[in-house]
Amino acid sequence: MLASQLQAQHHLSRFSLSDPRVNILAAGIFALVAVLLTQWPALMLLLGLALLFNVMAGTRWRSVIKRLLAFETFMLLLVLMLPFSMPGETWFRLFGLSATIEGASQALTILLRANAVVLALLALLAIREPVSLGYGAAALGFPAKLIHLFMMTVRYIQVLGDEFQRLRNAMKARAFEPASNWHTWRSYGWLMGMLLVRSMERAQRIVDAMRCRGFDGSLYLRSQLLWRKSDSLLLLGLSLLALVPLVWQQFLE
Amino acid sequence: MNPSISIKAPLLSVTELSVSYTHRSVFNGVSFDLYPQERLALVGANGAGKSTLLRTLIGLNNQFQGQIVGFGQRCRQEREFQQLRKKVGFLFQDSDDQLFCPTVLEDVAFGPLNLGLSADAAQRKALQVLASLGMIEFADRITYRLSGGEKRMIALATVLAMEPEVLLLDEPTNGLDESAQQRLLAHLDGLSQAMIVVSHDRSVLERLATRAVLLEGGQLTKAVMHRHPHEHLHVHAEDRIAAGIHEQEHR
Ligand SMILES: Nc1ncnc2c1ncn2[C@@H]1O[C@H](COP(=O)(O)OP(=O)(O)O)[C@@H](O)[C@H]1O
Ligand SMILES: [Mg+2]
């Protein structure tokens, strides 16, 4: 569902055919580098790399931008708050509050860093089938409980989403139009409550179904991952690329 | 009916079974036996308690009064029901509840693994069951991407992989289109297990059931299945009628 939207159908890139461990490791290294970078030029380069990854992955710009926008609304809050909440040299004053240069520069750093990481995650992880990421993480030794939680989430998020949509449509079909009034809030409350109750009932039925098949607390994953030489090369290449901004930062200092 | 059947010991035997949810009785004093090779149709209105009866039968609902005997063993506690569930397969009304593993093969192999088979043996077993249902090409598919009909067939595979001796089918053809229904029914009809089938669908009962019971007003009564000639509606594309093709289709 996510993967197929994000990537142009005809364009299956290296990133979606490799061993999923490559994607997870490369994303981890990229994120680590992002945390270690503090200088703007190096961060800009990292952002450029993240864009390059998206070109290599063949993600569709339209869906990348849609996802980024959702993320940016959250970032906006931070960028607006941070200059006013950090102590330092006054940059300008607004309504008696002073914005600091330190705060502004910190906000810009975080903005660059976060965008670079999100773009890289879109290119490396979001284009993969979620299930295959689960296999990859399992093969990398992530705790089994976490993997099964992830797999179950992947499995049922769509079912839940469908249930939500059905309830929403049932409301719309009876001429419900959201407005800022008590009726709307109460209806949404019921919608959410209903969704919660249904999810719990479904969870109970799933456990029942598992008990019917002799569930005794252990789950099994059939790992069929195959690490090829090309995977090593791809991981090496991606890691080297990700390290370039870090090396450059050493020179800048 | 064949007299030799009734001499055999029943697979499942229910005596005076009663279930109530918070003071409201769902059914009361229900008794019946299921014998080998029997296919018992359980009919009744929506909310009559058919699903509840099936769930209680295999110990998924422990608030009950009465006696449940499975394969000669009285079942009261979870441990006894666990043994019973290894021999009684339950096909749920909603296949989304039943398929929870990432891929089809893992889901079908889940039961055999729980029965103590090795990973290899469980996988072989799963592939063999999938093949027998003609679903082998679905082995590596992701469960939540399947269509409703495919999900139901895979759910049946997960049940059959445990080699049950009794099948409980809760509205097996519910929500399936005509061709998926026919496929499922053809496979079910080919199975040798004793079954309890809950269904509203006349064609299901006609095809599968050997006898019927009716759950009504909290009581279980013997029902008579009878056939009467009737008209039924067929839908054809308009241009096919014009071209006279549908005459041939009906032959
Ligand atoms: N968990 C529950 N708690 C309370 N009442 C329930 C519960 N599950 C089912 N019921 C009620 O029990 C009755 C029988 O339900 P069910 O067995 O699902 O009927 P059927 O399968 O015949 O349509 C219904 O009236 C239903 O509302
Ligand atoms: Mg039911």
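By convention here, each chain's residues receive numbers from 1 onward along its written sequence. Chains and ligands are labelled by the order in which they are written, letters from A for the one and numbers from 1 for the other. For this predicted model, a pLDDT threshold of at least 70 governs which residues receive local features, and a threshold of 80 or more governs which side-chain atom pairs are given and counted, while totals over whole chains, interfaces and linings are taken from all residues. Side-chain measures here rest on the full set of heavy atoms in the structure, leaving out hydrogens and waters.

For the record, the criterion: UniProt positions are given in the numbering used here, feature names are shortened, and annotations may be inferred rather than shown by experiment.
Under an unreviewed UniProt entry, the name given to chain A is Cobalt ABC transporter permease, and the organism recorded is Shewanella mangrovi. Here is the UniProt Sequence similarities (unreviewed entry) comment for chain A, exactly as written: "Belongs to the CbiQ family."

1. Some points on the overall build of chain A
The following threshold applies: To qualify as a helix, a DSSP run of H or I must reach at least 4 residues; to qualify as a strand, a run of E must reach at least 2; elements of each kind are numbered from the N terminus. Both definitions apply: the radius of gyration is a C-alpha atom measure, and the globule rule equals 2.2 Å times residues to the power 0.38. Per-residue accessibility, obtained with a 1.4 Å probe over protein chains only, is compared with the maximum for each type, and a residue is labelled buried under 20%, exposed over 50%, and partly exposed between these values.
In terms of regular secondary structure, chain A is built from 10 helices and 2 strands. Scanning chain A from its N terminus toward the C terminus, one meets helices and strands in the order α-α-α-α-α-β-β-α-α-α-α-α. Compactness check: chain A gives a C-alpha radius of gyration of 23 Å against a globular reference of 18 Å for 253 residues, more than 25% above the reference. With the C-alpha coordinates of chain A rotated into their principal frame, the extents come out at 65 × 60 × 35 Å. The burial tally for chain A puts 38% of its 253 residues in the buried class.

2. Some details on the site of ligand 1
Residue and element names in this part refer to chain B. For the record, the criterion: Nearness of a residue to a molecule or strand requires only that one of the residue's heavy atoms be within 4 Å of it. Here a polar contact is recorded for every N or O atom pair within 3.5 Å, except that within protein the pair must consist of a potential hydrogen donor and a potential acceptor, and residues adjacent in sequence are included only if both atoms are side-chain atoms. For the area figures, the Shrake-Rupley method with a 1.4 Å probe applies, and any residue is considered shielded solely by the protein chains shown.
Lining the immediate surroundings of ligand 1 are Tyr 21, Arg 24, Val 26, Ala 45, Asn 46, Gly 47, Ala 48, Gly 49, Lys 50, Ser 51 and Thr 52. At 3.5 Å from a nitrogen atom of ligand 1 is found a side-chain nitrogen or oxygen belonging to Tyr 21. Take Ser 51: an N or O atom from its side chain is 2.7 Å from an oxygen atom of ligand 1. For ligand 1, whose free accessible area comes to 560 Å², the fraction covered by protein is 59%. Elements represented by at least two residues in the shell around ligand 1 include exactly strand 2 (24-34) and helix 2 (50-57). For the shell around ligand 1, the leading source of residues is helix 2, giving 3 residues.

3. Some thoughts on the domain arrangement of chain A
So the rule is basically this: The start and end points of each domain follow an automatic or database-based domain assignment.
Entries for chain A in the domain assignment read domain 1 (2-128 + 225-252) and domain 2 (139-212). Its C-alpha centre places domain 1 of chain A at a distance of 31 Å from the equivalent point of domain 2 of chain A.

4. Brief notes about the domain arrangement of chain B
All names here are of chain B. Heads up, the rule is: Contact criterion: two residues are considered in contact whenever any of their non-hydrogen atoms come within 4.5 Å of each other. Buried area is a sum: the accessible area each of two parts loses on coming together, probed at 1.4 Å, counted once for each and added. By definition, a salt bridge exists where a carboxyl oxygen of Asp or Glu is found within 4 Å of a side-chain nitrogen of Lys or Arg. Polar here means any residue outside two lists: the nonpolar Ala, Val, Leu, Ile, Met, Phe, Trp, Tyr, Cys and Pro, and the charged Asp, Glu, Lys and Arg; Gly therefore counts as polar.
Partitioning chain B into structural domains gives domain 1 (7-87 + 166-251) and domain 2 (98-163). On the domain 2 side, the residues contacting the 14 residues of domain 1 number 12 residues. Summed over both sides, the interface of domain 1 with domain 2 buries roughly 1000 Å², with 70% coming from carbon and sulfur. Ranking the residues of domain 1 by area buried against domain 2 places Lys 86, Arg 183 and His 187 at the top, with a combined share of 41%. Linking domain 1 to domain 2 there are 0 salt bridges. Counting every contact that joins domain 1 to domain 2 gives 3 residue pairs in polar contact (both at pLDDT 80 or more). The element contributing the most residues to the side of domain 1 that touches domain 2 is helix 8 (residues 178-189), with 5 residues. When its residues are assigned to classes, the side of domain 1 that touches domain 2 shows 7 nonpolar, 4 polar and 3 charged.

5. Remarks on the packing of helix 7 (residues 130-139) of chain A against helix 8 (residues 144-173) of chain A
Residue and element names in this part refer to chain A. Our working rule: Fitted lines through C-alpha atoms give the axes, limited to the stretch in contact for helices. The angle between two N-to-C directions lies from 0 to 180 degrees. The cut-offs work like this: below 35 degrees is roughly parallel, past 145 is roughly antiparallel, 65 to 115 is roughly perpendicular, and the gaps in between are oblique.
One can describe the packing of helix 7 onto helix 8 by two numbers: an axis separation of 10 Å at closest approach and a directional angle of 175°. Compared by their axis directions, helix 7 and helix 8 come out roughly antiparallel. Seen from helix 7, the contacting residues are Pro 130, Val 131, Leu 133, Gly 134, Tyr 135, Ala 137 and Ala 138; seen from helix 8, they are Ile 147, Phe 150, Met 151 and Val 154.

6. Quick notes on the packing of aromatic side chains
The following threshold applies: Only Phe, Tyr and Trp rings are paired, with Trp represented by its six-membered ring, and only when their centres lie within 6.5 Å; those with planes under 30 degrees apart are stacked, over 60 edge-to-face, the remainder tilted. Here, a charge over a ring means that NZ of Lys or CZ of Arg falls within 6 Å of the ring centre while also lying within 35 degrees of the ring normal.
Within the structure shown, the criterion is met by 7 aromatic pairs over all chains. Each ring, one from Phe176(A) and one from Tyr188(A), has its centre 5.7 Å from the other, and the planes form 85°; the classification is edge-to-face. Taken together, the residues span a long stretch of sequence, with Phe176(A) in the loop between helix 8 and helix 9 (182-212) and Tyr188(A) in helix 9 at a distance of 12 residues. Judged by centre distance (6.1 Å) and plane angle (80°), the rings of Phe64(B) and Phe81(B) are edge-to-face. Note that Phe64(B) is positioned in strand 4 (residues 64-70) and Phe81(B) in helix 3 (residues 78-87), a separation of 17 residues in sequence. Each member of the pair, Phe64(B) together with Phe81(B), is buried. Here a set of aromatic residues connected by ring pairs shows up, and it is made of Phe15(A), Phe30(A) and Phe53(A). Positioned above the aromatic ring of Tyr156(A) is the side chain of Arg155(A), whose terminal nitrogen or guanidinium carbon lies 4.5 Å from the ring centre. The aromatic ring of Phe71(B) is capped on one face by Lys87(B), whose charged end is 4.8 Å from the ring centroid.

7. Details of the side chain of Ser187(A)
As for its position among the elements, Ser187(A) is in helix 9. Look past the residues within four positions of Ser187(A) in its chain and what remains in contact with it is Met171(A) and Phe176(A).

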